[in-house]
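Inside the fold
These are the residues of each chain, in order.
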Amino acid sequence: MKTYDVIIAGGGAAGFFAAINIAESAPHLKIAILERGKEVLTKVRVSGGGRCNVTHACFVPTELVKFYPRGEKELRGPFHAFASGDTIEWFEKHGVALKIEDDGRMFPVSDSSQTIIDSFLNATQKLKIDVLTGQSIQSLFKSGNGWKIDTQNESFSCSKLVLATGSNTKIWELLRELGHSIIEPVPSLFTFNIKDARIRDLPGIASVAHVRVEGTKLEASGPLLITHWGMSGPAILKLSAWGARILAEKNYQFTISVNWLPEYDMADIDQMLRDLKSEQAKKVVAKNPMFGLPKRLWESLVHASGIPDDMRWADLSKNHLSELTQQLGAGHFQVNGKSTFKEEFVTAGGIDLREVNFKTMESKILPNLYLAGEILNIDAITGGFNFQNAWTGGYLVARAVVGD
C-alpha cells in the first residue's frame with residue numbers, strides 16, 4: 001500500500017490546481033494525483049477549440065455568480081476569496097500570460113491549451129507531486145481519520161482525500177454509499193437537433209436572435225449559429241444550461257420560437273414591413289435582404305412566407321406580410337434531440353450542495369474529504385465559467401488542507 005498525506009483523485013483542472021497550491025504552501029506534504037485515464041488534463045486540452053478558455057473577464061463576484069444556473073448562491077463566498085482576477089494573477093505568476101477577447105473570454109496569449117498543460121506538468125514535477133495515470137478508483141473506505149483507496153491494481157492511504165473527478169458516475173455511486181446525496185446528472189451544455197427546410201441549406205450562417213422554449217419561461221438572446229444538425233451558438237447554449245432539467249424532462253422534444261430581430265416585437269416588425277412595402281416598392285423582396293440579416297437566411301425566411309422569388313414589395317398581400325412577420329419575429333422550430341457541444345461535455349448534477357462547506361470545500365458528512373469542480377452540482381454557461389469554478393474550488397481546498 002502506498003501512503004500519502006494528500007491524494008487528489010482526478011487529473012483534471014480542479015485536481016491539478018488543488019495539488020499545486022497545496023504543494024506550494026506545504027512542500028513537506030507528500031501528494032499524489034490519481035487519474036483513471038492514460039492522459040491527464042484532457043478537458044483542458046480541448047477547451048476553447050484547443051486554445052483553453054481559462055476564465056472570463058468578469059471581476060465582480062456578485063456579477064460572476066449570475067453565470068451559474070446551479071451554484072449561484074453557494075459560489076458568492078468562494079468568489080470573494082478567489083475569482084477571475086486572482087486566476088489571472090496566479091497564471092501570470094506561473095508563467096502563463098492571459099488575454100481578453102471582445103466577448104470577455106480569456107485565453108493564453110499563446111492561443112494554445114498546451115501552454116496551460118505544460119505549466120501544470122512542470123509545476124507538479126518541480127514540486128515532486130506524483131502523477132499516477134491508469135488508476136481507476138474501485139472503492140473508498142474511511143480509515144481512522146483518513147482514507148483508504150483501492151484502484152484496479154493498487155491500494156493507497158492518505159490523511160486527506162480530494163475528489164475532483166468531474167462527472168464520474170462511479171465515484172458518485174461510491175459517495176452515495178458513504179452517505180452523500182447525489183443530484184442525478186443530466187447534460188447541461190448541448191445544441192439542438194432540428195430538421196427544418198428553412199435552415200437545411202444554411203450551415204455556418206450566424207445571426208443574433210432571441211429564442212424561447214414554448215410552454216416554459218426559458219428564453220435567451222445572443223448569437224445563434226445554424227449547423228448541419230440544427231442550431232447552436234451562445235443563445236442556444238444558454239437555454240440548454242438554464243433549462244437542463246426542464247429539457248431533460250421533455251426528453252429533448254420541444255418547440256422553440258425564434259425572433260431573428262430581437263430588438264423588435266411583433267407589432268414593430270409588422271409596421272416595419274408595411275413601411276418597406278411603400279419605401280422599397282419596386283425592389284424584389286427575396287433579393288434585397290433587410291434588417292442586416294444574412295442574405296441566405298433572409299431568402300429562406302421569405303420563401304417560407306410563401307413569397308415568390310421574383311415578387312416585389314409593392315405586390316405583397318396582407319397574408320404575405322403577416323407570414324413574413326411571423327417568420328421574422330416568432331418562427332417555430334421543432335427540436336428533436338440534442339448533440340454534445342464539441343468535446344466540452346458539461347453536466348448538471350452531482351453532490352448535493354447542502355452537504356458541502358463552501359468556506360473549505362470539505363464534505364459536511366465525511367471529514368477530511370474535500371470536493372472541487374464538476375463532481376458538485378455546479379455548472380455554468382460556456383465562456384470560461386466552468387474552469388473558474390474549478391480554479392476557485394481547487395484554491396479553497398488547498399487553503400483548507402494546508403490550514404488544518
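Up top is the structure.
Residues numbered from 1 in each chain as written. Predicted model: local features only at pLDDT ≥ 70, side-chain atom pairs only at ≥ 80, totals over all residues. Heavy atoms only, no water.

1. Description of the packing of helix α1 (residues 13-25) against helix α6 (residues 113-126)
Interaxial distance between α1 and α6 falls to 10 Å at its minimum, and their mutual angle equals 40°. On the basis of the axis angle, α1 is oblique to α6. As for the relative orientation of α1 and α6, their crossing is left-handed in sense. Residues F16, F17 and I20 of α1 form the contact with α6, whose own contacting residues are F120, L121, A123 and T124. Of the residues that constitute the contact of α1 with α6, the class distribution is six nonpolar, one polar and no charged. (Axes fitted to C-alpha atoms, helices over the stretch in contact; angles between N-to-C directions. Helix = DSSP H or I, 4+ residues; strand = E, 2+ residues; numbered from the N terminus. Parallel < 35°, antiparallel > 145°, perpendicular 65-115°, else oblique. Left-handed = near helix turned anticlockwise from the far one by under 90°. Contact = heavy atoms within 4.5 Å. Nonpolar A, V, L, I, M, F, W, Y, C, P; charged D, E, K, R; others polar.)

2. Points about the sheet that holds strand β3 (residues 55-56)
If you trace the three strands from one edge of the open sheet to the other, you get β3-β5-β4, paired in antiparallel fashion. Bordering the open sheet on either side are β3 and β4 (98-100), each of which pairs with just one other strand. By the bridge criterion, three bridges tie β4 to strand β5 (residues 105-108) in an arrangement that is antiparallel. By the bridge assignment for β5, L98 is matched with P108. (Pairing = 2+ DSSP bridges.)

3. What about the packing of helix α2 (residues 42-50) against α6?
With their axes 8 Å apart at the nearest point, α2 and α6 run at an angle of 155° to one another. Considering their axes alone, α2 and α6 lie roughly antiparallel with respect to each other. Two packed elements cross with a definite hand, and for α2 against α6 that hand is right-handed. Residues V44, R45 and G50 of α2 form the contact with α6, whose own contacting residues are S113, Q114, I116 and I117. Partitioning the contact of α2 with α6 into residue classes produces three nonpolar, three polar and one charged.

4. Some thoughts on the nonpolar core
Residues F91, F120, I149, L163 and L175 are the most contacted members of the largest nonpolar core, which totals 86 residues. With residues near it in sequence (within four places) discarded, I149 still touches I7, L34, I137, S139, L140, E154, S155, F156, C158 and L161. In this structure, L224, M272, W313 and L328 belong to the second largest nonpolar core, which totals 48 residues. (Core = buried A, V, L, I, M, F, W, Y, C linked by side-chain atoms within 4.5 Å. Buried < 20%, exposed > 50% of the residue type's maximum accessible area, 1.4 Å probe, protein only.)

5. Examining the sheet that holds strand β11 (residues 190-193)
Spatial strand order, β16-β15-β12-β13-β14-β11-β17: seven strands in an open sheet with antiparallel pairing. Of all strands in the sheet, those with a lone pairing partner are β16 (331-336) and β17 (338-340), marking the two edges. Mean inter-strand twist for the sheet, computed between neighbouring axes without regard to direction, equals 40°. Helix α12 (residues 318-330) contacts β15 (253-259) and β16 of the sheet and is inclined by roughly 105° relative to β15.

6. Comments concerning the packing of aromatic side chains
In the structure shown here, the tally under the stated rule is 21 aromatic pairs. With centroids separated by 5.9 Å and ring planes inclined at 40°, the aromatic side chains of F91 and F120 adopt a geometry described as tilted. Here F91 is found in helix α5 (residues 84-93), whereas its partner F120 is found in helix α6, with 29 residues between them in sequence. Neither F91 nor F120 differs from the other in exposure class; each is buried. (Phe/Tyr/Trp six-rings, centres within 6.5 Å; stacked < 30°, edge-to-face > 60°.)

7. So, the pairing of strand β13 (residues 219-226)
Within a regular strand, the side chains alternate between the two sheet faces. By the bridge criterion, seven bridges tie strand β12 (residues 206-213) to β13 in an arrangement that is antiparallel. Among the inter-strand pairings, V211 is bridged to a residue of β13, identified as A220. Counting the residues that bridge the hairpin from β12 to β13 gives five residues, and of these G215 lies at a positive phi of roughly 80°. As paired strands, β13 and strand β14 (residues 230-232) are joined by two bridges and run antiparallel to one another. Considered in β14, the bridge of I226 is made with M231. As consecutive antiparallel partners, β13 and β14 are separated by three residues.

8. With respect to the side chain of S240
Tracing the backbone shows S240 in helix α8 (residues 234-242). Within the structure, the side chain of S240 is placed 2.8 Å from the backbone oxygen of L237, a separation counted as a polar contact. Those residues in contact with S240, other than ones at most four positions away along the chain, are S188, L189, F190, F192 and L247. (Polar contact = N/O pair within 3.5 Å; in protein donor to acceptor, adjacent residues only side chain to side chain.)

9. Section: the environment of E219
Relative to the helices and strands, E219 is located in strand β13. Taking the C-alpha atoms as reference, E219 lies 9.3 Å from S257; in sequence the two are 38 residues apart. With residues near it in sequence (within four places) discarded, E219 still touches H210, V211, R212 and L239. Side-chain polar atoms of E219 contact the side chain of H210, separated by 2.7 Å.

10. Description of the pattern of salt bridges
Summed over all chains, the structure comprises 18 salt bridges. A salt bridge links E63 to K66; its shortest N-O distance comes to 3.2 Å. Because the salt bridges share partners, they merge into one network encompassing R51, K99, E101, D103, R105 and D111. (Salt bridge = Lys/Arg side-chain N within 4 Å of Asp/Glu carboxyl O.)

11. With respect to the side chain of S157
Mapping S157 onto the fold places it in strand β9 (residues 155-163). For S157, the side chain forms a polar contact with the side chain of T3, separated by 3.0 Å. Residues contacting S157, with those up to four places away along its chain left out, are M1, K2, T3, Y4, I7, W147 and K148.

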